[in-house]
Amino acid sequence: MKLVIDNRTVEAPEGTTILDAARHSGVAIPSLCSHPELTPYGGCRLCIVEVEGMRGFPTACTTRAEEGMTVRTVTAEIRQLRREVLQLILSEHPASCLMCEEAEACASFQTTIRKAGVTTGCRTCTNDGRCDLQEVVESVGLEEIAYPIYYRNIPVEKDDPFYDRDYNLCILCGRCVRICQEVRMNGTLAFKQRGRRTTIGPAFDRSHLEAGCEFCGACLSVCPTGTLGEKGRKWAGAPDATTASACPFCGLACDLQILARKDTIIGTLPPDTGTCSGGTLCVKGRFCVPEAANHPDRLAGPAARVEGGVLGVPMEEAIQRAAGLLKGVEGGAFAMLLSPDLSLEDLWVAGRFAREVMKSDRLASTAVEALGPAVGPFLEVAAGNRLADIGESDCIVAVGADFSYGFSPIALRIMAEARSGRRYIRVGAIEDPTAKLARESHPHPLAQESAFLEHLIASAHRPLFVLGPDVLFPDNAEAVLAAVRNFTRSGRAKALALLPHHNLFGLAALLGDTLERGASALLNDGAIRVLYCLENLPGGPRPAAVSVIHQSPFRPPASSADLVLPAAGMGEAPGTVLTLDGQPAVVRQAVGPRGTALPDWKILSAIATAMGRTDFNYADAGEIRREMPPSFALKPLRSLEGQTRGPAAAPPANQPFLLHRRPPYESFRGVALNALVPGFADLLPSGHIAINPGDAARLGTTDGDIVRVEAGGAAAEFPVKPSPRLTPGTLVLIHADPSARFPSNPCAVNLRRR
Amino acid sequence: MFAIVESQPLVPNLYRMVVEAPPVAAQVKPGQFVIVQAVEFGERIPLSVADWDAEAGTLTLIFMEVGKTTSALAAKKRGDALPTVVGPLGNPTVIEPFGSVVCVAGCYGIGSILPVARALKAAGNRVTVAIEGRSAYLLYGREALRGHCDTLIEITRDGSRGFKGHIGRLPEILREKGVTADRFIVNGCTFLMRRASQVFEPAGVPVIVSLNPIMIDGTGMCGVCRLTYDGKMKFACVDGPDFDGRLVDWEEFLKRRKQYVDEELIPVHHTGHTRCY
Ligand SMILES: Cc1cc2nc3c(=O)[nH]c(=O)nc-3n(C[C@H](O)[C@H](O)[C@H](O)COP(=O)(O)OP(=O)(O)OC[C@H]3O[C@@H](n4cnc5c(N)ncnc54)[C@H](O)[C@@H]3O)c2cc1C
Ligand code: SF4
Ligand code: SF4
Ligand code: FES
Ligand code: FES
């Protein structure tokens, strides 16, 4: 199709808008409400053009380009109209900096960053320097605003985690509303009220948290103004470097861009599609990286326990001390705790270190042990993971998958399938954003596992089970997994197991069937002379080993280590991981390691060298990769014939709630994400009883009230956290502490207000 | 503890607080400041005294929410209390019959200029007060000021009230109004005070600025508030806070004020969920 834009004949595909046709041919039309990922809205009226034969000034973003059209995008009249439209927008926007004669001097002079309060101009706006509105003003050209200035004086909304909202800056372009509905299929956001007091947000004055917001940040990514400000980087300024890397928080290893400024990670964004993509990240990838990477508990240098205290020592000396501690220790006297968040390169060197230098095969991981005894079969099922199966199946059954705050790209694919008519069934305790599209929902766990699952897929030809990490914790986890495994073995169904850790496959490949061999046994073994921990230990008593070496990006729990070695954190060292479909993903270095920290493989190599080895002199991660055998891939895991425990009984009438427990498996190097990132703790706090808001009201409790949970003889007290994600009668407790023990999981309990 | 008698937002980001501190209220003079804490064990920050009532024993403070401590202050309500209010600190602004004095104020300085203008007027000066801000909705205090000056000039960036522009416009406005100055006194943000020192230089009269470096004790002990003035080292807390802006080493001053910006970001970055920042 050919049309003429500004006297040039341009080619455009059938069905495009004038705006897109112009863009493709290099003609920039000012626009604010349009966004390439969203349906046209025609709200801002900046993109007006003249079309021969059409009356008035149609908006280019909503008008179809047609064969033979003649379009003019700049005429004196259009320019004038655009200036008026923009002035009207800016008369209700704190725009004085855009017109200030001292703007440049002020910007270069800006003494202190204004870190709090309300934006009253570009110089104190979080969007300064990367603002669509600023760009449009620049291109349209404005010296003054002829309309009366109106400041709406709407209180800034700061109560939700991760981002603040100042609707005094909002130009009501509706991009956030559309991305929330169209791309995320979530629907938390809508236009509220009318006229001058119109803002954006959930209906009925609920908070975003209450309304089911996933805090995916898509709205922030597309907002053309500073209305939505990321708490964690509001005042950090524009990034000076962007690195394409992978998210460190789960087995999907989503592509993301790491934004850095002055060699510090200040934020992340979904991969750059050139349009500031709204993207598919979950809250962890979108908001948690910088907070975890810059956490106050990050280690900047080594330290050693000496008589009477802890002493900071230089790295050289720390390496020597480590070599000294390890001298003469061999075989069973040495044990090592590994992390499923380490890269393949780190794991490979750690494995060589333990096996070749220390002659020990005592390797384990507390993070893996926390996933429970079903992790072996879970990984066995996961070995057949193929992401493409989502699109190729005719029935998707999600079991134990909570898509609220994780695995968003999978959820979006499932929802897209469900929307287009695919059968979608959920089995789980939590009402997640996919629930509204499910044909059937069943509480987890199911009794008579195999028969029940069989029944769910009875009419399907190519069923797919999507197993979330929550499948791992009920008492009958192994029976459920055995049933799914039997389906996949016989070819009756496919399965996709969602791995909660970055490189769980890598660790499984290194450890093979010793993977789940108890880490806690190593912690309690007094015969161990040196315990080398590459993950933070759960708090609690000091390990029984004579000496403990702690190597992590994060400070160890109090007094649990004799030697502390600072490791590079996320985004601070290059490496590879195996994603949940078994593909290698590349993690790139975005900033230098903090302080004197080093990549894990470098520290281990230096110690091996100090102990007299000459075969640990790797120049870089690439050299390690070349050394790793190609078979450094999944090894078969233990089989699980005949392992089932009884299904949970239905709750008796005097114990009307069903309590589900799970560990805080969202973690990095053994540190729970809800301990690293306060906003994440608002979403999934540890040690709280999450309860349906209606149930909470019936009990007369509100957020933070203490309740007594009773089951048979056992009882314990916890604060409550009302959450709309829970169905009535369901409770969830995230707890790392095994002392919070109830007779079963899930467990029928009674709740009482204390 | 020092009881808070009044606390309210004035305009976006600026708050007014009246706090009981009888000993300070009994002695304070225009241009002096106090050091306050928002919470026990919290940071100590200097704030200029914007007004006082010796009889009632109260002080008025006007502050801008810019970081951890000032947002904690902003969250305080009437009936709360501050653990620390020490002062009066610093030297009072010199008040003499100078003739014609032009006071310039922006941001929190619109508050602290009031007692200065009042005292100048009482000392028999012809007083012109110019207040400036980005937009009409950010200006405050004009009614109170009007009673203590001969001419009140308002400047906004967007022209939504008074003259359109920035401090650079003031000499021209003064010429138009036939005002000549024997002395300039400028209170407000560092940018305003520095630009004013340049803009008024040609007038050949003192340009008194009230400096706001980072301070800790406010009594000349820590040295944090050091600056170079006329080639010599001074401590803003005991030698100032008023200085002739024409002799201040501004480059160094700015560098020192910016010194802890990265550290100041820590409390706001590791937050996620609290209101208080
Ligand atoms: C003599 C004097 C009088 C002042 N009068 C007022 C006033 O009347 N109203 C008002 O709003 N502000 C006044 N200030 C500035 C005020 O002290 C700072 O804005 C305040 O300390 C910021 O603290 P914060 O924790 O909220 O912000 P932070 O995040 O700690 O800092 C923001 C910026 O404020 C400055 N600052 C930080 N700590 C101090 C400190 N201890 N002393 C001085 N500056 C600091 C730094 O430049 C910093 O970059 C005055 C400063 C001085 C020296
Ligand atoms: S949103 Fe853009 S134009 Fe508006 S104040 Fe912020 S930087 Fe300036
Ligand atoms: S918040 Fe941002 S994206 Fe949403 S309507 Fe306002 S300006 Fe547009
Ligand atoms: S971009 Fe076309 S109306 Fe907003
Ligand atoms: S504030 Fe410590 S010497 Fe001035």
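Residues numbered from 1 in each chain as written. Chains lettered and ligands numbered in written order. Predicted model: local features only at pLDDT ≥ 70, side-chain atom pairs only at ≥ 80, totals over all residues. Heavy atoms only, no water.

A closer look at the overall build of chain A
Helix and strand counts for chain A stand at 22 helices and 33 strands. Overall, the C-alpha framework of chain A stretches about 85 × 65 × 55 Å when taken along its three principal axes. The burial tally for chain A puts 60% of its 754 residues in the buried class. Across chain A, the fraction of contacts at a sequence separation of at least 24, relative to all contacts at a separation of at least 6, is 71%. Accessible surface for chain A amounts to roughly 28,700 Å². Of this, 51% is attributable to carbon and sulfur atoms. (Helix = DSSP H or I, 4+ residues; strand = E, 2+ residues; numbered from the N terminus. Buried < 20%, exposed > 50% of the residue type's maximum accessible area, 1.4 Å probe, protein only. Contact = heavy atoms within 4.5 Å. Areas by Shrake-Rupley, 256 points an atom, 1.4 Å probe, with all protein chains shown as cover.)

A word on the overall build of chain B
Scanning chain B from terminus to terminus reveals 9 helices and 16 strands. A separation of at least 24 residues holds for 63% of the contacts in chain B among residues at least 6 apart in sequence.

Looking at the side chain of A:Asn127
All names here are of chain A. Checked against the element boundaries, Asn-127 lands in the loop between helix H3 (103-109) and helix H4 (132-140). Within the local environment of Asn-127, its side chain forms a polar contact with the backbone oxygen of Thr-225, the two atoms lying 3.2 Å apart. What Asn-127 contacts, discounting residues up to four positions off in sequence, is Gln-134, Pro-224, Thr-225 and Gly-226. (Polar contact = N/O pair within 3.5 Å; in protein donor to acceptor, adjacent residues only side chain to side chain.)

Quick look at the site of ligand 3
Taken together, 13 residues lie near ligand 3, and A:Cys170, A:Cys173, A:Gly174, A:Cys176 and A:Cys223 sit nearest. Of the residues belonging to the shell around ligand 3, the class tally is 9 nonpolar, 3 polar and 1 charged. (Near = heavy atom within 4 Å. Nonpolar A, V, L, I, M, F, W, Y, C, P; charged D, E, K, R; others polar.)

Section: unusual backbone geometry
Most peptide bonds take the trans configuration, and most residues that are not glycine carry a negative phi. Residue and element names in this part refer to chain A. Residue Pro-746 is reached from Asn-745 by a cis peptide bond, and omega for that bond is -5°. Here Pro-746 lies in the loop between strand S32 (730-734) and strand S33 (747-753). A positive phi angle, near 60°, is found at Phe-204, a position not held by glycine. With respect to the element layout, Phe-204 can be found in the loop between strand S7 (199-201) and helix H6 (218-222).

What about the packing of helix H11 (residues 375-382) of chain A against helix H15 (residues 477-490) of chain A?
All names here are of chain A. Where H11 meets H15, the axes come as close as 10 Å, and the angle between the chain directions of the two elements is 25°. The angle between the axes of H11 and H15 places the two elements in the roughly parallel class. The hand of the H11/H15 crossing is left-handed. Counted together, Pro-377, Phe-378, Glu-380 and Val-381 of H11 and Leu-481, Val-484, Arg-485 and Arg-489 of H15 form the full contact between these two elements. Residue composition of the contact of H11 with H15, grouped by class: 5 nonpolar, no polar and 3 charged. (Axes fitted to C-alpha atoms, helices over the stretch in contact; angles between N-to-C directions. Parallel < 35°, antiparallel > 145°, perpendicular 65-115°, else oblique. Left-handed = near helix turned anticlockwise from the far one by under 90°.)

Digging into the side chain of A:Glu449
Relative to the elements of secondary structure, A:Glu449 occurs in helix H14 (residues 449-456). A distance of 2.8 Å separates polar atoms of two side chains, one belonging to A:Glu449 and the other to A:Asn476.

Observations regarding the domain arrangement of chain A
Here the domain parsing of chain A yields domain 1 (2-124), domain 2 (152-293), domain 3 (303-371 + 504-627), domain 4 (375-495) and domain 5 (657-753). Inter-centroid distance (C-alpha atoms) of domain 1 of chain A to domain 4 of chain A is 45 Å. (Domains from an automatic or database assignment.)

Some remarks on the domain arrangement of chain B
Residues and elements named next belong to chain B. As far as domains go, chain B holds domain 1 (2-89) and domain 2 (100-257). For domain 1 and domain 2, the distance between their C-alpha centres works out to 21 Å. Tallying the contact residues gives 18 residues for domain 1 and 20 residues for domain 2. At the junction of domain 1 and domain 2, the tally comes to 1 salt bridge. The partner of Asp-51 in a salt bridge is Arg-118, with the nearest N and O atoms 2.9 Å apart. (Salt bridge = Lys/Arg side-chain N within 4 Å of Asp/Glu carboxyl O.)

Re the sheet that holds strand S10 (residues 151-156) of chain B
Residue and element names in this part refer to chain B. The mixed open sheet is built from 7 strands, whose spatial order is S11-S10-S9-S8-S12-S13-S16. What marks the edges here is a single partner per strand, and that holds for strand S11 (163-164) and strand S16 (242-244). In terms of strand pairing, strand S9 (residues 126-133) meets S10 through 6 bridges, oriented parallel. Residue Ala-130 lies in a different strand from S10, and its bridge partner there is Ile-153. In the packing of helix H3 (residues 109-122) onto the sheet, contacts are made with strand S8 (100-106), S9 and strand S12 (183-187), and the angle to S8 comes to roughly 165°. (Pairing = 2+ DSSP bridges.)

Overview of the packing of aromatic side chains
All names here are of chain A. Enumeration according to the criterion identifies 18 aromatic pairs over all chains in this entry. Clustering of aromatic rings is evident, with ring pairs tying together Phe-162, Tyr-163, Phe-215 and Phe-287. When the ring centre of Phe-616 is taken as reference, the NZ or CZ atom of Arg-352 above it lies at 4.1 Å. (Phe/Tyr/Trp six-rings, centres within 6.5 Å; stacked < 30°, edge-to-face > 60°. Lys NZ or Arg CZ within 6 Å of the ring centre and 35° of its normal.)

A look at the confidence of the model for chain B
A low pLDDT means the predicted coordinates there should not be read in detail. Residues and elements named next belong to chain B. Scored by pLDDT, chain B comes out at a mean of 87, with 93% of its residues at no less than 70. Confidence drops under pLDDT 50 across residues 270-277; counting only partners more than four residues distant or on other chains, this segment forms 33 contacts. This prediction of the complex comes with two scores: 0.87 for pTM and 0.78 for ipTM. (pLDDT = per-residue confidence, 0-100.)

Structural notes on the packing of helix H9 (residues 344-357) of chain A against helix H18 (residues 600-610) of chain A
Residue and element names in this part refer to chain A. The interhelical angle for the contact between H9 and H18, taken along N-to-C directions, is 25°, at an axis separation of 8 Å. When the axis of H9 is compared with that of H18, the two are roughly parallel. Seen from above, H9 lies across H18 with left-handed handedness. Residues Glu-345, Asp-346, Val-349, Ala-350, Phe-353 and Val-357 of H9 pack against Asp-600, Trp-601, Leu-604, Ser-605, Ile-607 and Ala-608 of H18. Here the residues of the contact of H9 with H18 are counted per class, giving 8 nonpolar, 1 polar and 3 charged.

Considering the sheet that holds strand S1 (residues 2-11) of chain B
Residue and element names in this part refer to chain B. Spatially, the 7 strands line up as an open sheet ordered S6-S1-S2-S5-S4-S3-S7, and their pairing is antiparallel. Edge positions in the sheet fall to strand S6 (81-82) and strand S7 (84-89), since each of these pairs with one other strand and no more. Relative to strand S4 (residues 44-53), H3 is tilted by about 45°, and along the sheet it contacts S4 and strand S5 (58-64).

Comments concerning the confidence of the model for chain A
Across chain A, the average pLDDT comes to 88, with 93% of residues at or above 70. Taken as a whole, residues 634-649 of chain A scores under 50 in pLDDT and shows 40 contacts with residues more than four places along the chain or in a different chain.

Details of the nonpolar core
If you look at soluble globular proteins, the nonpolar side chains tend to sit buried side by side. Residues and elements named next belong to chain A. Met-336, Leu-338, Phe-353, Phe-403, Ile-410, Phe-465 and Tyr-532 are the most contacted members of the largest nonpolar core, which has 149 residues in total. No other element matches H9, which puts 8 residues into this core. Ignoring anything within four residues of it in the chain, the contact list for Phe-403 reads Glu-214, Ala-398, Ile-410, Ala-411, Ile-414, Tyr-424, Asp-432, Pro-433, Thr-434, Val-466 and Leu-498. (Core = buried A, V, L, I, M, F, W, Y, C linked by side-chain atoms within 4.5 Å.)

So, the environment of A:Leu325
Summarising the element assignment, A:Leu325 is placed in helix H8 (residues 315-326). Among the residues examined, A:Leu325 registers a relative accessible area of 27% and is labelled partly exposed.

A look at H8(A)
Residues and elements named next belong to chain A. Over its 12 residues, H8 extends 16 Å from the first C-alpha to the last, a length consistent with the 16 Å expected when each residue adds 1.5 Å. Taken residue by residue, H8 has Met-315, Ala-318, Ile-319, Ala-322, Ala-323 and Leu-326 as its buried positions. All buried residues of H8 lie within an arc of 140° about the axis, which places them on one face of the element. On its buried face, H8 is in contact with strand S14 (334-337), H9, strand S21 (530-533), strand S22 (547-552), strand S23 (563-566) and H18. Just beyond H8, the residue with positive phi is Gly-328, at close to 80°. (Expected span 1.5 Å × (residues − 1). Arc of directions from axis to C-beta.)

Some points on the pattern of salt bridges
Residues and elements named next belong to chain A. Tallied over the entire structure, the rule returns 56 salt bridges over all chains. Salt-bridge contacts for Arg-613 lead to Glu-356; the nearest nitrogen and oxygen are separated by 3.6 Å. Note that Arg-613 is positioned in the loop between H18 and helix H19 (621-627) and Glu-356 in helix H9, a separation of 257 residues in sequence. Arg-662 is paired through a salt bridge with Glu-666; the nearest N and O atoms lie 3.1 Å apart.

Some details on the pairing of S12(B)
Residue and element names in this part refer to chain B. S12 sits mainly inside the fold: 5 of its 5 residues count as buried. Because side chains alternate across S12, one face comprises the buried residues Arg-183, Ile-185 and Asn-187, and the other comprises Phe-184 and Val-186, equally buried. Sheet topology note: the S8/S12 ladder contains 5 bridges and is parallel. Residue pairing across strands places Val-102 opposite Phe-184, the latter belonging to S12. Note on the crossover from S12 through helix H6 (residues 190-199) to strand S13 (residues 207-210): the handedness is right-handed. (Right-handed = clockwise from strand over helix to strand, strands pointing away.)

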